[in-house]
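Working through the structure, step by step
The chain contents come next:
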Amino acid sequence: MVIKSTTPRARVVVTALSSILPLSFFLISGADSFATYNNPTSTTAPKVVKSFSTNAFTAATAIPILSRYHNTASASKSVLAMSTTTAESWSTLQSASSSTAVGSALNNEQSLRATGKGSPFVQSNLRLFNSSEKPKITLYRDHAGWCPYCQKTMLLIEEKEIPINIELVAMRSYGDKPAEFLNMVPSGLLPALIVEQPDGRKRVITESQVIMELLDRWHPTSEGYKAMLPSEEDTVGWSKFDTLANLERELFSWWCTLVFRPEGPRLGGGSGGLMGMLTGKGGGEKEMSGSMKGFLDCLSKVESALTSTPGPWFFGEYDYPTMIDFIYVSHVERMLASAAYWKGLDLRSAEYKAQFPGLNAWLDAFEKRECYLAFKSDYYTHVMDIPPQYGPGFDGGFEDKRKKFSQCINGRDGKSWKLPLPHDD
């Protein structure tokens, strides 16, 4: 069945160092780097969920590297007082980090990943899970983990545990693609699936939803894999899937209208609407633009779909997320960051948790899954990686909150975060 249908400051350091340091220098959960801001605008969630030195990672060797990279003498002075002196060579640093319990564990995890095993990781090149055979399919996806379409595809692969080779290439927004890839995929589209045929030829498949559906069909429940789509004979399930997929496109359209275009005039948010503004008899709610209202109204439709099921997922008969959940979450994740940063709309705040309990329960459920956390990015990363892909965001929305949230996400409020990040167990 065919479905109808710039680099953040912390990341710069990780990218520069990860090519020459062992994994034990970085405690990274998937796409998150030194710091992961699960929701920096929240007053209840901790501002730093993971840091450069989380879980007793040795700051004495790691933070001096960061301070030298930024060429700030003051940074090295902030290192906690420890008896270890700063090492002068990479080999000494490697040895020192590998001798710690955490460093040893991380290096072991890196070794497992090289064999296709281990935990989900944004830069893995091979995923075997319980298979011992070399996969005959290869997924080409973006190197940094910033492509939402690659993310949703990888989430299905991880949840379904599909053995697969993975090749990492740059998105067009951030660099040139290698000639070898363009020879196979002239359009340069990501993600791209390469399937080895029995006659030695390679079949190229693009478009994330097509790839996801084929992967689900090629790895059926009869072979022990999780179902990601309704069965062929489930016409009711497919009707629901198509309705939800169309609603996701509607939500995406409203998000683009809200964030990437100048907002129109602010209208009464209540039942009075434009007439209420003209007559002075508004509905009593705070004023907002038509695009803000359209976005929130569309979110209300998503909320209704989520709360109509017994569990947190769109298809309540499963106790795990399915393909439609992955189709939504990669862009909803970006909506959370961009709406807070450019519009002052924090959908994870207490106010909006009360308005959208189903949406927030769904996000909470995702954030308990290891495969999602491995590919989830922080707010700062998203507000930096979104403009090259979608265009610049326009300031607007709820202005007082927007200024507060944007400064918090940028680390310019003097209290949310700054580099180098502190040692934090």
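In this text the structure is predicted, and so the values were computed from the model without any measurement.

**Here we look at helix 8 (residues 208-218)**
Taken across its 11 residues, helix 8 has eight buried, putting it largely inside the fold. Of the residues making up helix 8, those classed as buried are Ser208, Gln209, Ile211, Met212, Glu213, Leu214, Leu215 and Asp216. Taken together, the buried residues of helix 8 touch strand 2 (137-142), helix 6 (148-160), strand 4 (192-196), strand 5 (202-206), helix 9 (235-259) and helix 12 (323-343).

**Considering the packing of helix 9 against helix 12**
Packing of helix 9 against helix 12 brings their axes to within 11 Å, and their N-to-C directions diverge by 15 degrees. The angle between helix 9 and helix 12 places the two elements in the roughly parallel class. Every pair of crossing elements has a handedness; the one defined by helix 9 and helix 12 is left-handed. Note on element contacts: helix 12 touches helix 9 through Met323, Ile324, Ile327, Tyr328, His331, Val332, Arg334, Met335, Ser338, Trp342 and Lys343, opposite Phe241, Leu244, Ala245, Leu247, Glu248, Arg249, Leu251, Phe252, Trp255, Leu258 and Val259.

**Remarks on the pattern of salt bridges**
In the structure shown here, the tally under the stated rule is 17 salt bridges. In this structure, the salt-bridge partner of Glu213 is Arg217, at a minimum N-O distance of 3.1 Å. Residue Glu213 and its partner Arg217 are located together in helix 8, separated by four residues, close to a single helical turn. The class for Glu213 is buried, based on a relative accessible area of 6%. For Arg217, a relative accessible area of 40% corresponds to the partly exposed category. In this structure, Arg249 engages Glu248 in a salt bridge whose closest nitrogen and oxygen atoms are separated by 2.7 Å. With relative accessibility at 31%, the residue Arg249 sits in the partly exposed group. On the accessibility criterion, Glu248 (2% relative accessible area) is buried.

**Section: the packing of aromatic side chains**
Under the defined criterion, the tally for this structure stands at 18 aromatic pairs. Pairing Phe366 with Tyr372 gives two aromatic rings, centres 5.1 Å apart and planes at 50 degrees, and the pair type is tilted. Considered together, Phe366 and Tyr372 belong to a single accessibility category, that of buried residues. An aromatic cluster is defined as three or more aromatic residues linked by ring pairs; in this entry it consists of Trp313, Phe314, Phe326, Tyr328, Trp362, Phe366 and Tyr372.

**Considerations on the sheet that holds strand 5**
With mixed pairing, the five strands of this open sheet are ordered in space as 1-3-2-4-5. At either margin of the open sheet sits one strand with a lone partner, and together these are strand 1 (126-127) and strand 5. Bridge count for strand 2 against strand 3 (residues 164-169) is five bridges, and the pairing is parallel. Paired with Asp142 across the strands is Val169, a residue of strand 3.

**Some thoughts on the side chain of Thr100**
Position of Thr100 among the secondary structure elements: in the loop between helix 4 (90-98) and helix 5 (101-114). A polar atom in the side chain of Thr100 sits 2.9 Å from the backbone nitrogen of Gly103.

**Details of the environment of His143**
For His143, the position within the fold is in the loop between strand 2 and helix 6. A relative accessible area of 39% places His143 in the partly exposed class. C-alpha separation for the pair His143 and Ser124, spaced 19 residues apart in sequence, amounts to 9.8 Å. In this structure, His143 is in contact with Gln123, Leu168 and Val169, ignoring residues within four places of it in sequence. Reaching out from His143, the side chain makes a polar contact with the side chain of Gln123 at a distance of 3.3 Å.

**Describing unusual backbone geometry**
That bond from Leu190 to Pro191 is cis: its omega, -5 degrees, falls within 30 degrees of zero. The backbone phi angle of Phe129 is positive, close to 55 degrees, even though this residue is not glycine. Its location among the elements puts Phe129 in the loop between strand 1 and strand 2. Accessibility expressed as a relative area gives 13% for Phe129, which makes it buried. Phi angles above zero are rare outside glycine, and Glu207 is one such case at about 80 degrees. Structurally, the position occupied by Glu207 is in the loop between strand 5 and helix 8.

Rules behind the numbers
Residues numbered from 1 in each chain as written. Predicted model: local features only at pLDDT ≥ 70, side-chain atom pairs only at ≥ 80, totals over all residues. Heavy atoms only, no water. Buried < 20%, exposed > 50% of the residue type's maximum accessible area, 1.4 Å probe, protein only. Helix = DSSP H or I, 4+ residues; strand = E, 2+ residues; numbered from the N terminus. Contact = heavy atoms within 4.5 Å. Axes fitted to C-alpha atoms, helices over the stretch in contact; angles between N-to-C directions. Parallel < 35°, antiparallel > 145°, perpendicular 65-115°, else oblique. Left-handed = near helix turned anticlockwise from the far one by under 90°. Salt bridge = Lys/Arg side-chain N within 4 Å of Asp/Glu carboxyl O. Phe/Tyr/Trp six-rings, centres within 6.5 Å; stacked < 30°, edge-to-face > 60°. Pairing = 2+ DSSP bridges. Polar contact = N/O pair within 3.5 Å; in protein donor to acceptor, adjacent residues only side chain to side chain.

None of this, on its own, says anything about what the molecule does.
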